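Commentary on secondary and tertiary structure
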Amino acid sequence: MRFTPSRRSLLAAAALLPFAGVLRAAEPDLAGLSDITKGAVPIGPAERAARIARAQRLMRAAGLGAILIEPGSSLDYFTGVQWHRSERLTAAVLPVEGEPLVVTPFFEEPSVRETLGVPATVRVWQEDEDPLALVAGWLKERRLAGGAIGVDETVRFFAADGLKRLLPEARLVSANPVVRGCRMVKTPAEIALMQAATDVTIAAYRWVYPRVEAGMTGDEIGALMDAATRRLGGKGEFSMALVGEASAYPHGSRQVHRVAAGQVVLMDCGCTVHGYESDVSRTWVHGGASKEQRQVWDHVAEGQRIALAAARIGATAGSVDDAVRAQYEAWGYGPRYRLPGLSHRTGHGIGMDGHEPVNLVHGETTKLAAGMCFSNEPGIYLPGRFGVRLEDCFHMTRAGPQWFSTPPVSIERPV
């Protein structure tokens, strides 16, 4: 069942209980923050209509009669429907011509219609019925059952398998040429929302940084960042703070580390504004950096610059990762993904999801085009000691890459 708003609020409050003291102490300062997203414009009907039209052009080019999509960011992208996945199927079918079909349980229809943002046929199924029979019947009515039907890459097996069972004459193929073909290239409206989300995250960093004190845990720092992000208008916030040795592992460890003089603090944070994500990482040293910490930080900052310089229209996504890794290996890191060095890709796609296709990773042959958006985060990690990650996202323009957030200038001025 869905969480009601009141139940979600109770769960959120319970999650913050361990950090209540930190948040109470910060409350006077938090009160000075206000929502900076009020001017952000959500995606409207005209934009969604243009998306469906583009998808239908790509379907014709790929020889597809329709594509099947389950709840998630792609369903929201094309139809506006914001829904969850469960054993009770809600799905959309985008045909090569005409309006989409939305299939949902009978008792969920009013809720699903609340966010439906495009003209569509809605068909409902009862608990003793097969929802995929509705999909198959609709495709037969439209004379689309005998050709190629694209399946979004996140659709669960039972849905694809059930449709194939009901339409044995159909060819089920990947919908990537359509879904990725639309979503990988962002419009100005999408980029504006990503910029708004990034502005929130940067403003929250500026508020949190001077309030990090000796003795704090990563979770306590993250709670401050979450609270600031919410005050500034961000939704779906995520805030990871890694202290000391935990920073040597890109996603941290289970051990509790506390801020102390000479300890690295690595934060990786973001939020959404009207469904679009930010993702920004910052690293500094509490109380002053050692020569080695400063050198690693400077190397990562140079890695970011190398990645941005390599990100050119027509270049392959993999070549950006290769350019960074070549310099890191010249400095003695690696080789390749070995440690100490850069153990993960240089960056990932970003948009409605924090991680989207495609990645800036060795071997990725997709060519960069205007409107594509990526993170740029070539971290360096020294196992058992510390790590440094600086992460800023950029979007491709015809003139080259443009930052959503400006990278920091030095380890002393991380935000």
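Our subject in this report is the structure included herewith. In this text, all values refer to a predicted model and were calculated from it rather than measured experimentally. (Residues numbered from 1 in each chain as written. Predicted model: local features only at pLDDT ≥ 70, side-chain atom pairs only at ≥ 80, totals over all residues. Heavy atoms only, no water.)

**Quick look at the overall build of the protein**
A count of helical and extended segments in the protein gives 12 helices and 17 strands. A globule of 415 residues ought to have a C-alpha radius of gyration of about 22 Å, and the protein, at 23 Å, matches this closely. Viewed in the frame of its principal axes, the protein has a C-alpha envelope of about 70 × 50 × 35 Å. For the protein, the residues scored as buried account for 52% of the 415 residues in total. Side-chain charges in the protein split into 45 positive and 45 negative, and the spacing between the mean points of these groups amounts to 3 Å. (Helix = DSSP H or I, 4+ residues; strand = E, 2+ residues; numbered from the N terminus. Rg over C-alpha atoms; globule rule 2.2 N^0.38 Å. Buried < 20%, exposed > 50% of the residue type's maximum accessible area, 1.4 Å probe, protein only. Lys, Arg positive; Asp, Glu negative; His and termini not counted. Charge placed at Lys NZ, Arg CZ, Asp CG, Glu CD.)

**Some details on the sheet that holds strand β4 (residues 121-125)**
Here 6 strands make up an open sheet; going across it, the order is β4-β3-β2-β1-β5-β6 and the pairing mixed. Edge positions in the open sheet fall to β4 and β6 (171-174), since each of these has one partner strand only. For this sheet, the mean inter-axis angle between neighbouring strands, taken without regard to orientation, is 25 degrees. Along the sheet, helix α3 (residues 45-62) contacts β1 (64-69) and β2 (91-95); its crossing angle with β1, the most-contacted strand, is approximately 125 degrees. Across the sheet, helix α6 (residues 131-141) touches β1, β2, β3 (101-105), β4 and β5 (148-151), and the angle it forms with β4 is around 145 degrees. (Pairing = 2+ DSSP bridges. Axes fitted to C-alpha atoms, helices over the stretch in contact; angles between N-to-C directions. Contact = heavy atoms within 4.5 Å.)

**A short note on the pattern of salt bridges**
Oppositely charged side chains may form a pair once their charged atoms are brought near each other. Applying the stated criterion to the full structure yields 23 salt bridges. With a shortest N-O distance of 3.8 Å, arginine 88 and glutamate 87 are connected by a salt bridge. By relative accessible area, which is 26% here, arginine 88 ends up partly exposed. In this structure, arginine 180 and glutamate 153 form a salt bridge, with 3.1 Å as the shortest nitrogen-oxygen distance. Taken together, the residues arginine 180 in helix α8 (residues 176-183) and glutamate 153 in the loop between β5 and α7 (157-166) connect sequence positions 27 residues apart. Note on arginine 180: relative accessible area 27%, which makes it partly exposed. (Salt bridge = Lys/Arg side-chain N within 4 Å of Asp/Glu carboxyl O.)

**Structural notes on the environment of valine 81**
Its location among the elements puts valine 81 in the loop between α4 (73-79) and β2. What makes valine 81 buried here is its relative accessible area of 1%.

**Looking at the environment of serine 343**
Relative to the helices and strands, serine 343 is located in the loop between α12 (317-330) and β11 (347-349). Under the relative-accessibility criterion, serine 343 is labelled partly exposed at 28%. A C-alpha to C-alpha distance of 7.7 Å links serine 343 and isoleucine 380, two positions 37 residues apart in sequence. Those residues in contact with serine 343, other than ones at most four positions away along the chain, are Pro250, Tyr337 and Tyr381.

**Some remarks on the packing of aromatic side chains**
Per the stated rule, a full pass over the model turns up 6 aromatic pairs. Both rings, one in tyrosine 77 and one in phenylalanine 78, keep their centres 4.8 Å apart while their planes meet at 85 degrees; by these two values the pair is edge-to-face. Cluster of aromatic residues (ring-pair linked, three or more members): Tyr328, Trp331 and Tyr333. Its end group placed over the ring of tyrosine 77, arginine 51 keeps NZ or CZ at 3.9 Å from the ring centre. A cation over a ring is seen here: arginine 325 above tyrosine 337, with NZ or CZ 3.9 Å from the ring centre. (Phe/Tyr/Trp six-rings, centres within 6.5 Å; stacked < 30°, edge-to-face > 60°. Lys NZ or Arg CZ within 6 Å of the ring centre and 35° of its normal.)

**Observations concerning the side chain of threonine 201**
Structurally, the position occupied by threonine 201 is in helix α9 (residues 188-208). For threonine 201, the side chain forms a polar contact with the side chain of serine 278, separated by 2.7 Å. Once you skip the residues sitting within four places of it in the chain, threonine 201 turns out to touch Met225, Cys269, Gly270, Cys271, Ser278 and Val280. (Polar contact = N/O pair within 3.5 Å; in protein donor to acceptor, adjacent residues only side chain to side chain.)

**Quick look at helix α11 (residues 291-310)**
Each turn of an α-helix holds 3.6 residues, which means side chains three or four residues apart point in the same direction. Here α11 contains 20 residues, and its C-alpha end-to-end distance of 29 Å stays within 8% of the 28 Å for a straight helix at 1.5 Å per residue. The complete set of buried residues in α11 reads Gln293, Val296, Trp297, His299, Val300, Ala301, Gly303, Gln304, Ile306, Ala307, Leu308 and Ala310. (Expected span 1.5 Å × (residues − 1).)

**Re the packing of helix α2 (residues 20-30) against helix α10 (residues 218-231)**
Between α2 and α10, the least distance of the axes is 11 Å, while the angle of their chain directions is 35 degrees. Where α2 crosses over α10, the two elements pack in a sense that is right-handed. Here Val22, Leu23, Ala26, Glu27 and Leu30 of α2 lie close against α10, whose contacting residues are Glu220, Ala223, Leu224, Ala227, Ala228 and Arg231. Residue composition of the contact of α2 with α10, grouped by class: 8 nonpolar, no polar and 3 charged. (Left-handed = near helix turned anticlockwise from the far one by under 90°. Nonpolar A, V, L, I, M, F, W, Y, C, P; charged D, E, K, R; others polar.)

**Quick word on the pairing of strand β16 (residues 392-397)**
Counting buried residues in β16 gives 5 out of 6 residues, a clear majority hidden from the surface. Where β16 and strand β17 (residues 400-403) come together, 4 bridges link them in antiparallel fashion. Counterpart to methionine 396 in the pairing with β17 is proline 401. The turn linking β16 back onto β17 is made up of 2 residues.

Don't take any of this as a statement about function, it's just geometry.
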